[in-house]
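Residue-level listing of the chains:
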Amino acid sequence: MPDLYPPIEPYDHGMLDVGDGQSLYWECCGNAAGLPALVLHGGPGSGCTPGVRRLFDPAAFRIILFDQRGCGRSVPHAGDAAVSLAANTTQHLIADIEALRLHLGVERWLVYGSSWGSALGLAYAEQQPHRVSALVLSHASVGRFADIHWLYHGVGRYFPEAWERFRAAAGVDEPDANLIAAYHRLLGDPDPEMRARAARSWCDWEAAVISIDPRHKPPERYLDPRFRMVFARIVTHYFSHNCWLEDGQLLRDAPRLANVPGAIVQGRLDLGSPLEGPWRLAQAWPGVEFVVVEQAGHETTTPGMLESIVAAIDRFASG
């Protein structure tokens, strides 16, 4: 079994009008007659990337990717400060997934989500379990308020130098200030230079905590000011609203997945999404396979993660 399948290009793509002035970029790769498989990207606000296509056997799967509202190739692009995020919520994204399913004529599909995409995948599958043939999650987030707080506050104890820079750039004096809310305000500042500095500082923090490997280099897209702005705007928009989820909702509703086969692939040393949350999800989700990758963090490229994710997806290739 290869670590990754060969690079492929879409055989079809387009833009889907989902209302609210939003049009989503989508693409299909692999086997047009294969098992439909939907990819939910992270962030929120990262956009889909070509590399994730290679997690799927192109002979077995009809691989479907799309850019969530406001990011990637979807329009309007939230890198423009004038673009409102009022119609960009978790429930909007769930409705978009259903609109895309209907547009592409899919009855049921495997859903794969990583990081934020795992939380979105859970929320979708818990609302529409009859539309999900299987659910595969990696670097899984269960969306509790404490998990969101951890990522921008608690995990700073492992990266104290970077966290002090992150906190200082937020311009807050209170020791227990909410940094997500502070950056959300800065990214809405009328001064474009203020917004740009806030976006850079936000992405510097994200880059600092994504890896447990000291040789890690930040993703190249973090060098792009337009990407930094869209990513920081959408992430802070979602997390300052707790992703429009009730606290503990995704764990509470996990029994709704009783008839949805699935797998969770998690690094034991994932500091972005600590193992305890996905472990609790595995206890609440009947029949799910829970794979813990030792010495792995919050990166797909960590040794052991790629192989485990590909193997988990391959197990559902026959539908």
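Thresholds, definitions, all that
- Residues numbered from 1 in each chain as written.
- Predicted model: local features only at pLDDT ≥ 70, side-chain atom pairs only at ≥ 80, totals over all residues.
- Heavy atoms only, no water.
- Buried < 20%, exposed > 50% of the residue type's maximum accessible area, 1.4 Å probe, protein only.
- Helix = DSSP H or I, 4+ residues; strand = E, 2+ residues; numbered from the N terminus.
- Pairing = 2+ DSSP bridges.
- 1 Å grid on protein atoms, 1.4 Å probe; cavity = no way out; pocket = protein on both sides within 12 Å on 5 of 7 lines; lining within 4 Å.
- Points joined across faces, edges and corners; volume = space filled by probe spheres on them.
- Nonpolar A, V, L, I, M, F, W, Y, C, P; charged D, E, K, R; others polar.
- Axes fitted to C-alpha atoms, helices over the stretch in contact; angles between N-to-C directions.
- Parallel < 35°, antiparallel > 145°, perpendicular 65-115°, else oblique.
- Left-handed = near helix turned anticlockwise from the far one by under 90°.
- Contact = heavy atoms within 4.5 Å.
- Salt bridge = Lys/Arg side-chain N within 4 Å of Asp/Glu carboxyl O.

K.L.:
Could you clarify how one ought to interpret the pairing of strand β4 (residues 61-66) in this entry?
P.N.:
Taken residue by residue, a regular strand's side chains alternate between the two faces of the sheet. Burial analysis of β4 places six of its six residues in the buried class, the great majority of the element. Residues F61, I63 and L65 point to one face of β4 and R62, I64 and F66 to the other, with burial holding for every one of them. Alignment of strand β2 (residues 22-30) against β4, held across five bridges, turns out to be antiparallel. Opposite E27, over in β4, you have L65 as the bridge partner. Bridging between strand β3 (residues 35-40) and β4 involves five bridges; their strand directions are parallel. Paired with L38 across the bridge in β4 is I64.

K.L.:
Quick question: what am I supposed to make of the layout of surface pockets here?
P.N.:
Where empty space is left in the structure can be found by rolling a water-sized probe over the atoms. In this model, the second largest pocket occupies a volume close to 260 Å³. Examining the composition of the lining of the second largest pocket, we find that three residues originate from one element, helix α7 (residues 225-239), more than from any other. Here the residues of the lining of the second largest pocket are counted per class, giving six nonpolar, six polar and seven charged.

K.L.:
Would you mind going over empty space enclosed by the protein with me for this structure?
P.N.:
The tally for this structure, following the rule as stated, stands at one cavity of 30 Å³ or more. Of the pockets and cavities examined, the largest cavity occupies roughly 30 Å³. Around the largest cavity sit P44, G45, Q68, R69, C71, N88, L93, I234 and Y238, which together line it. Residues belonging to the lining of the largest cavity are distributed by class as follows: five nonpolar, three polar and one charged.

K.L.:
Sorry if this is basic, but what is going on with the packing of helix α1 (residues 90-103) against helix α2 (residues 116-127) here?
P.N.:
Packed helix pairs are characterised by how far apart their axes lie and by the angle those axes make with each other. Two elements in contact, α1 and α2, have axes whose closest approach is 10 Å; the angle formed by their N-to-C orientations is 70°. Looking at the two axes, α1 sits roughly perpendicular to α2. α2 is crossed by α1, and the crossing has right-handed handedness. On the side of α1, the interface is formed by T90, Q91, L93, I94, I97, E98 and R101, while α2 contributes W116, L120, A123, Y124 and Q127.

K.L.:
Even after reading the chapter, I still don't get the pattern of salt bridges, so can you show me in this structure?
P.N.:
Between side chains of opposite charge, a pair can form when the charged atoms approach closely. Taken as a whole and judged by the stated rule, the model has 16 salt bridges. Notably, a salt bridge pairs E276 with R144, separated by 2.7 Å at the nearest N-O pair. Separated by 132 residues along the polypeptide, E276 in helix α9 (residues 276-284) and R144 in the loop between β6 (132-138) and α3 (145-152) bring together distant segments of the chain. With a relative accessible area of 15%, R144 lands in the buried category. Under the relative-accessibility criterion, E276 is labelled partly exposed at 38%. In this structure, a network of salt bridges that share partners links the residues E9, E27, R53, D67 and R73.

K.L.:
Looking at this model, I keep getting lost on the environment of I264. Mind explaining?
P.N.:
Among the secondary structure elements, I264 is positioned in strand β7 (residues 262-267). With 154 residues separating them in the primary sequence, I264 and L110 have C-alpha atoms 13 Å apart. Setting aside chain neighbours within four positions, we find I264 in contact with L137, A140, P278, L281, A282, W285, V288, E289, F290 and V291.

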